There are 2 protein chains.
Amino acid sequence: MNPLQELRQRYKQLAKNLPHPARQDYEAACQRELLPKGYYLCRQGAICRQVATLESGSARVFHLKGTTEVSTAFLFPGDFVTSFQSFYLQVPSQSAIQLMEESQVTLLSYQTLQKLKATYREIDEIDRLSNDYYTMWLEERIFSLQFHSATERYADLLHNEPHLVQKVPLSYIASYLGITLETLSRIRAKVS
Amino acid sequence: MNPLQELRQRYKQLAKNLPHPARQDYEAACQRELLPKGYYLCRQGAICRQVATLESGSARVFHLKGTTEVSTAFLFPGDFVTSFQSFYLQVPSQSAIQLMEESQVTLLSYQTLQKLKATYREIDEIDRLSNDYYTMWLEERIFSLQFHSATERYADLLHNEPHLVQKVPLSYIASYLGITLETLSRIRAKVS
DNA sequence: AAGCTGATTTGACAAATGTCAAAACCAGTC
DNA sequence: GACTGGTTTTGACATTTGTCAAATCAGCTT
């Protein structure tokens, strides 16, 4: 496994094995909800006040550009879901976050997370590591967007997140790769 | 000013106004050097063991892809310079960092920074904020790469970092924008 | 099985960008 | 002022990707 994936494992392990006092406070502070497909965890232009942990289901982050939506991320069980800039700076979000299926999520507000981080070193550490992971994930994505052709980017995706291609509609994937639906369709025809 | 630039200001302010005890320890721990143009702060494949603060001069981060270099960042006075993944995980770097001119830099090793962060809340805060800034900067860059045409990306750059276009050779800028030198040249001819 | 609806594929053509080679430009040097 | 090496621009043409319209496919409903 590469360093990036190890890091992901590491913070997920830490989150799962949160020791007792921290765990208890965390459980008490967060809010578990079963939300329907299509639910907005954050709307574009609104301040993202919570971070969600996906227990089941899936979500996507996208930006509304005029009339078209451009997807920038897809999230799955175990992932922390939030609009990074909006959440950490508490400023309006540049993108929206929407559930792609009915999902079980655990919600934590900005203020609560701040308190938990200040109280428990372990929670602070998880927050830090997951942010580091996100940063490195972004670096990898830039790599792909900047250096690779559409065909290569699709191959990258297939390689890095094969499950994603099964579950996510092609129109979302196309915008995520920065190409049109038609081009993606042609790439797929060639490959297979 | 947008939230991103405010954040940048904020961590630079904090760094400049580091209170006495922390400042003294920091000064003692770091290493000031005047390094020549072309000097490698980190080579591709090596572990990046230090973070540099640029006092004067400039640097660029690039990736060697076969025979061609693709630039991924340009750094100027006041910026912290390191290979994020390599430094924070202490794993081999995917890219190289080279000085574009003779530069005065302040070097801090990984171990020393860890100690300083553990001892001084202020230094920890600066590290955190500068990482957050970097993350948001990456998000913006992805935005540009994923949504915008070559012409728009050049306009973005001109808008976000106008000084850069004066100081950096066009061949570096072209690869940074993910296009060829010739295409960049044609874009410039059209615009002006 | 027929009909509907949304997702995906295919076709024809246009626009953007890449490739390779040559020309022009520019700063420093003799 | 011409020479030189590196940078930038220009030209001709190839390739990739986008656009718009139509065809096909897949899953549901009746």
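In this text, all values refer to a predicted model and were calculated from it rather than measured experimentally. Every chain begins its residue count from 1, and numbering advances along the sequence as written. Chain letters start at A and ligand numbers start at 1, both assigned in the order the entries are written. With pLDDT at 70 or above as the cut-off, local features in this predicted model cover only qualifying residues; side-chain atom pairs require 80 or more to be listed or tallied, and sums for whole chains, interfaces and linings still use all residues. Calculation of side-chain values draws on the structure's entire complement of heavy atoms; hydrogens and water are dropped beforehand.

Novice: Quick rundown of the environment of Thr119(B)? Include the residues and the values.
Specialist: All names here are of chain B. When you line up the elements, Thr-119 lands in helix H4 (residues 110-119). Placed 97 residues apart in sequence, Thr-119 and Ala-22 show a C-alpha to C-alpha distance of 8.4 Å. In protein, a polar contact requires one atom able to donate a hydrogen and another able to accept it; more generally it is a pair of N or O atoms within 3.5 Å, and residues adjacent in sequence count only if both atoms are side-chain atoms. From its side chain, Thr-119 meets the backbone oxygen of Lys-115 in a polar contact 2.8 Å long. A run of H or I in DSSP becomes a helix once it reaches four residues, and a run of E becomes a strand once it reaches two; helices and strands are each numbered from the N terminus.

Novice: Requested: an account of the packing of helix H6 (residues 150-160) of chain B against helix H9 (residues 181-191) of chain B, with residues and values cited.
Specialist: Residues and elements named next belong to chain B. As a packed pair, H6 and H9 sit with axes 10 Å apart at the nearest point and diverge in direction by 70 degrees. Relative to H9, the element H6 is oriented roughly perpendicular. Counting all contacts with H6, which are made through Ala-150, Thr-151 and Tyr-154, the residues of H9 involved are Leu-184, Ile-187 and Arg-188. Throughout this entry, Asp, Glu, Lys and Arg are counted as charged residues, while Ala, Val, Leu, Ile, Met, Phe, Trp, Tyr, Cys and Pro are counted as nonpolar. The remaining residues, Gly among them, count as polar. Here the residues of the contact of H6 with H9 sort into four nonpolar, one polar and one charged. Angles run from 0 to 180 degrees between N-to-C directions of axes, and those axes are lines fitted to C-alpha atoms, restricted for helices to the stretch in contact. When describing relative orientation, an angle under 35 degrees is termed roughly parallel and one over 145 degrees roughly antiparallel, while 65 to 115 degrees is termed roughly perpendicular and anything else oblique. Pairs of residues are marked as contacts when any of their non-hydrogen atoms sit within 4.5 Å.

Novice: Pulling in residues and values, what's your account of the confidence of the model for chain A?
Specialist: Values of pLDDT, which run from 0 to 100, indicate the predictor's confidence residue by residue. For chain A, per-residue confidence averages 95 on the pLDDT scale, and residues scoring 70 or more make up 99% of the total. Across chain A, the secondary-structure element scoring lowest on mean pLDDT is helix H7 (residues 162-167) of chain A, at 90, and the one scoring highest is strand E6 (residues 80-81) of chain A, at 98.

Novice: A description of the UniProt feature "domain: Cyclic nucleotide-binding" (unreviewed entry) in chain A should follow, citing residues and the corresponding values.
Specialist: Here, the residues flagged by UniProt with the feature "domain: Cyclic nucleotide-binding" (unreviewed entry) are residues 14-116 of chain A. Taken end to end, residues 14-116 of chain A comprises 25% helix and 42% strand; its first and last C-alpha atoms sit 15 Å apart. UniProt positions are given in the numbering used here, feature names are shortened, and annotations may be inferred rather than shown by experiment.

Novice: If you had to explain the protein's contact with DNA strand D to someone new, which residues and values would you point to?
Specialist: The rule for a residue being near a molecule or strand is that one of its heavy atoms must lie within 4 Å of it. In the vicinity of DNA strand D, 16 residues are found, and the nearest of them are Ala150(A), Glu182(A), Thr183(A), Ser185(B) and Arg186(B). The share of sugar and phosphate among atoms of DNA strand D within 4 Å of the protein is 56%. Contact between DNA strand D and Glu182(A): a base nitrogen at 3.1 Å from a side-chain N or O atom of the residue. Within the side chain of Thr183(A), an N or O atom sits 2.6 Å from a phosphate oxygen of DNA strand D.

Novice: Describe the sheet that holds strand E5 (residues 68-75) of chain B, listing the residues and the values that go with them.
Specialist: All names here are of chain B. Between any two strands, at least two bridges found by DSSP are needed for them to pair. One open sheet holds the four strands; their spatial order is E2-E7-E4-E5, and the pairing between them is antiparallel. Looking at strand neighbours, the two that pair on one side only are strand E2 (40-42) and E5, the edges of this open sheet. Here the average twist between neighbouring strands, direction ignored, is 30 degrees. The pairing of strand E4 (residues 59-65) with E5 spans seven bridges and is antiparallel. Note that in E5 the partner of Val-61 across the bridge is Ala-73. Running at roughly 90 degrees to E5, helix H8 (residues 170-177) makes contact with E4 and E5 of the sheet.

Novice: Quick rundown of the pairing of strand E5 (residues 68-75) of chain A? Include the residues and the values.
Specialist: Type-normalised accessible area, obtained with a 1.4 Å probe on protein chains alone, sets the label of each residue: buried when under 20%, exposed when over 50%, and partly exposed for intermediate values. Judged by how many residues are buried, E5(A) sits mostly within the fold: six of eight residues are covered. Hairpin geometry of strand E4 (residues 59-65) of chain A and E5(A) is characterised by an intervening segment of two residues between the two adjacent antiparallel strands and by a positive phi of about 60 degrees at Gly66(A).

Novice: Could you give an account of the protein's contact with DNA strand C, naming the residues involved and the relevant values?
Specialist: Lining the immediate environment of DNA strand C, one finds 16 residues, of which Ser185(A), Arg186(A), Ala150(B), Glu182(B) and Thr183(B) sit closest. Near the protein, within 4 Å, the atoms of DNA strand C are sugar or phosphate in 55% of cases. Interatomic distance of 3.2 Å between a backbone N/O atom of Thr180(B) and a phosphate oxygen of DNA strand C. One of the side-chain nitrogen or oxygen atoms of Thr183(B) is found 2.7 Å away from a phosphate oxygen of DNA strand C. Of all the elements in the fold, those that place two or more residues in the surface near DNA strand C are helix H8 (170-177) and helix H9 (181-191) of chain A together with H9 of chain B. For the surface near DNA strand C, the element with the most residues is H9(A), which contributes six residues. Of the residues belonging to the surface near DNA strand C, the class tally is five nonpolar, six polar and five charged.

Novice: Summarise the relation of the copies chain B and chain A; cite the residues concerned and give the values.
Specialist: When chain B is fitted to chain A, the residual RMSD is 0.0 Å, and the transformation amounts to a turn of 180 degrees plus an axial shift of 0.0 Å. Taken together, the rotation and translation describe the operation of a two-fold axis. Minimal C-alpha separation from the rotation axis in chain B is found for Thr135(B), amounting to 2.6 Å. In this assembly, 100% of the residues forming the interface of chain B have copies in chain A that are likewise at the interface, indicating an isologous arrangement. Overlaid copies result from least-squares superposition on C-alpha atoms, with residues included only where pLDDT is at least 70 in both.

Novice: Mind laying out the pairing of strand E3 (residues 50-56) of chain B, listing which residues take part and the relevant values?
Specialist: Residue and element names in this part refer to chain B. Here six bridges tie E3 to strand E8 (residues 103-109), and the two strands are oriented antiparallel to one another. Paired with Ala-52 across the two strands is Leu-107, which belongs to E8. The sheet contact formed by E3 and strand E6 (residues 80-81) spans two bridges and is antiparallel. Its bridge partner lying in E6, Ala-52 is registered against Val-81.

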